[in-house]
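Summary of the model geometry
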Amino acid sequence: MEIWDRTHECMPRPEIEQLQLERLQATVNRVYKNVTCYRNKFNALGIDPEALGSLAALQHLPFTTKEDLRLNYPYGMFAVPLREVVRIHSSSGTTGKPTVVGYTKNDIKMWSNLVARFLTAAGVTHDDVVQITFGYGLFTGAFGLHYGAETIGASVIPMGGGNSEKQIMIMQDYKTTALVGTPSYAITLADRMEKMGIDPKSLSLKVGLFGGEPWSEAMRREIEQRLGLSATDNYGLSEIIGPGVAGECQFKCGMHIFEDAFYPEIIDPDSGAVLPPGSTGELVLTTLNKEAFPMLRYRTRDITRLDYSPCACGRTHVRMQKTRGRSDDMLIIRGVNVFPSQIEEVLVAIEGCQPHYQLVIDRHGSLDTLEVQIEVTESIFFDEMKRQRAFLEQVQKKVESVIGVGISVKLVEPGTIPRHEGKAQRVIDRRQG
Ligand code: DLL
């Protein structure tokens, strides 16, 4: 069963806009009534939630940011009582507490449907065997794709993350046709197959659904060549719903944003002004039919461009180009969101660490690596090996437990990390492509 909702996905633009306006008005009213944070913001700015007369008027409403979610941790942004919430997920990568998001039964149904749509657009059908290599847990990736693939009627293998050799064995034996995961993990699997002497062409792989982190066209070509499948991109973020915000069709010319469910704007990240169609800027998303966790003008921090030109597939929904970085300093390392400020907080609390550090990110083979280089006091730097090692392990453990990603730590002599005038350049990202 394919999930191609032609009524909504191929709607002429004036009708999409009418539908968006109706859903937006309902959402604005509901959040004003049910979410204190929104009510306070509207009241402070003198905004009447009943008065929103056009989509363009949305630009006069305030943004919602990760900071709002942090301040309202854990359930303050929910628009329904907890007894109506059937699922809770959360996002990594905030300083301190994570971001908590909730779904009602209807939200889960809608989410599954949106994921099913991009799976269908990418060519997945009920005949496919879908192997999910995202980690099951608080991260939205695995459950989102899992429910979406089941909605189509495909056979889902809930492998979860890691354990590459077993992933490959299952791929061979269960005849996996659709591979789901991060693009970098696809390369890891290709590397491992090479080492194991397995020809990927001998497998049954047909299509790859990759997302959760940025990747280039060069990387797409490499994955397609090495794994012998059609590699497609899909985008989403937990605060909005998880995967299922946007996905590519078989023409791979941008990811269709499901506009009956989300209203996209492109803003200048510095001034916050809405930019004219076709501009590159920060993507801001408003949910149009979510119940538990509606978001008004959420600042994704992802930089992209929207393309409203017709697509050969017949879908009328606007296409977002591959993201070109972020307007904040968030890093994505092996699919996990990491903020340098999280690491800084840990380091400054450890005695002996100087406030001078650098994060060096690289890609070895296909795996992202993060090395934290820190200046330490002379006494530690020149300390005996055993004590220095213990110190190093302590730093490593503390940082890893906060950011949730394995790292290596290098202690450097006082004065060796370059000093900068103005903004410190703490991140050296050597990954390319
Ligand atoms: O990564 C949701 C997701 C899971 C999407 C699986 C697709 C597949 P978060 O952990 O909240 O949610 O991280 C969201 O990841 O703001 C982007 O910066 C980045 N991101 C996600 N998908 C893509 C993509 C999930 N296809 C953050 N291309 C987002 C580039 C992506 N960046």
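In this text the structure is predicted, and so the values were computed from the model without any measurement. (Residues numbered from 1 in each chain as written. Predicted model: local features only at pLDDT ≥ 70, side-chain atom pairs only at ≥ 80, totals over all residues. Heavy atoms only, no water.)

1. Topic: the sheet that holds strand β17 (residues 367–376)
Judged by pairing direction, the sheet is mixed, and its 4 strands sit side by side in the order β18-β17-β16-β19 without closing on themselves. Edge positions in the sheet fall to β18 (408–412) and β19 (427–429), since each of these pairs with one other strand and no more. Across the sheet, the mean angle from the axis of one strand to that of its neighbour is 20 degrees, orientation sign disregarded. Judged from the 5 bridges that link them, β17 and β18 form a sheet pairing that is parallel. The residue bridging isoleucine 374 from the neighbouring strand is leucine 411, located in β18. (Pairing = 2+ DSSP bridges. Helix = DSSP H or I, 4+ residues; strand = E, 2+ residues; numbered from the N terminus. Axes fitted to C-alpha atoms, helices over the stretch in contact; angles between N-to-C directions.)

2. A few points about the side chain of serine 279
Mapped onto the secondary structure, serine 279 falls in the loop between β10 (262–267) and β11 (280–287). Take serine 279: its relative accessible area is 17%, and that puts it in the buried class. A polar atom in the side chain of serine 279 sits 2.5 Å from the backbone oxygen of proline 276. Here serine 279 is in contact with Ile266, Thr304, Arg305 and Leu306, once residues within four sequence places are set aside. (Buried < 20%, exposed > 50% of the residue type's maximum accessible area, 1.4 Å probe, protein only. Polar contact = N/O pair within 3.5 Å; in protein donor to acceptor, adjacent residues only side chain to side chain. Contact = heavy atoms within 4.5 Å.)

3. Notes on helix α12 (residues 385–403)
Here α12 is 19 residues long and its end C-alpha atoms lie 27 Å apart, about the 27 Å a rise of 1.5 Å per residue gives. Within α12, the full set of buried residues consists of Gln388, Phe391, Leu392, Val395, Val399 and Ile403. All buried residues of α12 lie within an arc of 100 degrees about the axis, which places them on one face of the element. Turned more than 90 degrees away from the buried face of α12, the exposed residues are Lys386, Arg387, Lys397 and Ser401. Buried residues in α12 make contact with β15 (336–338), α10 (340–348), β16 (353–364), β17, α11 (378–381) and β18. Downstream of α12 by one or two residues, glycine 404 has phi in the positive range, about 75 degrees. (Expected span 1.5 Å × (residues − 1). Arc of directions from axis to C-beta.)

4. With respect to the packing of aromatic side chains
The full count for this structure, using the stated rule, is 8 aromatic pairs. Note on tyrosine 75 and phenylalanine 78: the rings are 5.1 Å apart at their centroids and 50 degrees apart in plane angle, and the pair reads as tilted. A relative accessible area of 5% places phenylalanine 78 in the buried class. Cluster of aromatic residues (ring-pair linked, three or more members): Tyr75, Phe78 and Phe293. Over the aromatic face of tryptophan 4 sits the side chain of arginine 6, whose NZ or CZ is 4.0 Å from the ring centroid. One cation-aromatic arrangement involves arginine 299 over phenylalanine 63; the distance from NZ or CZ to the ring centre is 5.2 Å. (Phe/Tyr/Trp six-rings, centres within 6.5 Å; stacked < 30°, edge-to-face > 60°. Lys NZ or Arg CZ within 6 Å of the ring centre and 35° of its normal.)

5. Focus on the site of the ligand
Taken together, 21 residues lie around the ligand, and Gly212, Asp233, Asn234, Ser238 and Asp302 are the ones closest in. A distance of 2.6 Å separates an oxygen atom of the ligand from a polar side-chain atom of aspartate 302. In this structure, asparagine 337 approaches the ligand through a side-chain N or O atom, which is 3.2 Å from an oxygen atom. Relative to its unbound accessible surface of 620 Å², the ligand loses 97% to contact with the protein. For the shell around the ligand, the elements supplying multiple residues, two or more each, are α6 (140–152) and β7 (230–237). (Near = heavy atom within 4 Å. Areas by Shrake-Rupley, 256 points an atom, 1.4 Å probe, with all protein chains shown as cover.)

6. Overview of empty space enclosed by the protein
To find the voids left in a structure, one rolls a probe of water-molecule size over its atoms. All told, the structure shown has 1 cavity of 30 Å³ or more when counted by the stated rule. The volume enclosed by the largest cavity comes to roughly 30 Å³. Around the largest cavity, the lining residues are Leu69, Asn72, Pro74, Met77, Thr99, Val100 and Phe293. Residue classes in the lining of the largest cavity are distributed as 5 nonpolar, 2 polar and no charged. (1 Å grid on protein atoms, 1.4 Å probe; cavity = no way out; pocket = protein on both sides within 12 Å on 5 of 7 lines; lining within 4 Å. Points joined across faces, edges and corners; volume = space filled by probe spheres on them. Nonpolar A, V, L, I, M, F, W, Y, C, P; charged D, E, K, R; others polar.)

7. Here's the deal with the domain arrangement of the protein
Each assigned domain of the protein is listed with its residue range as follows: domain 1 (1–326) and domain 2 (331–429). Centre-to-centre, using C-alpha coordinates, domain 1 lies 32 Å away from domain 2. Taken together, the contacts link 15 residues of domain 1 with 15 residues of domain 2. Between domain 1 and domain 2, the buried area comes to about 1100 Å², and carbon and sulfur atoms account for 51% of it. Where domain 1 touches domain 2, the interface holds 1 residue pair in polar contact (both at pLDDT 80 or more). The biggest single contributor to the side of domain 1 that touches domain 2 is helix α8 (residues 183–196), with 4 residues. Here the side of domain 1 that touches domain 2 is built from residues that sort into 3 nonpolar, 9 polar and 3 charged. (Domains from an automatic or database assignment. Buried area = accessible area lost by both parts, 1.4 Å probe.)

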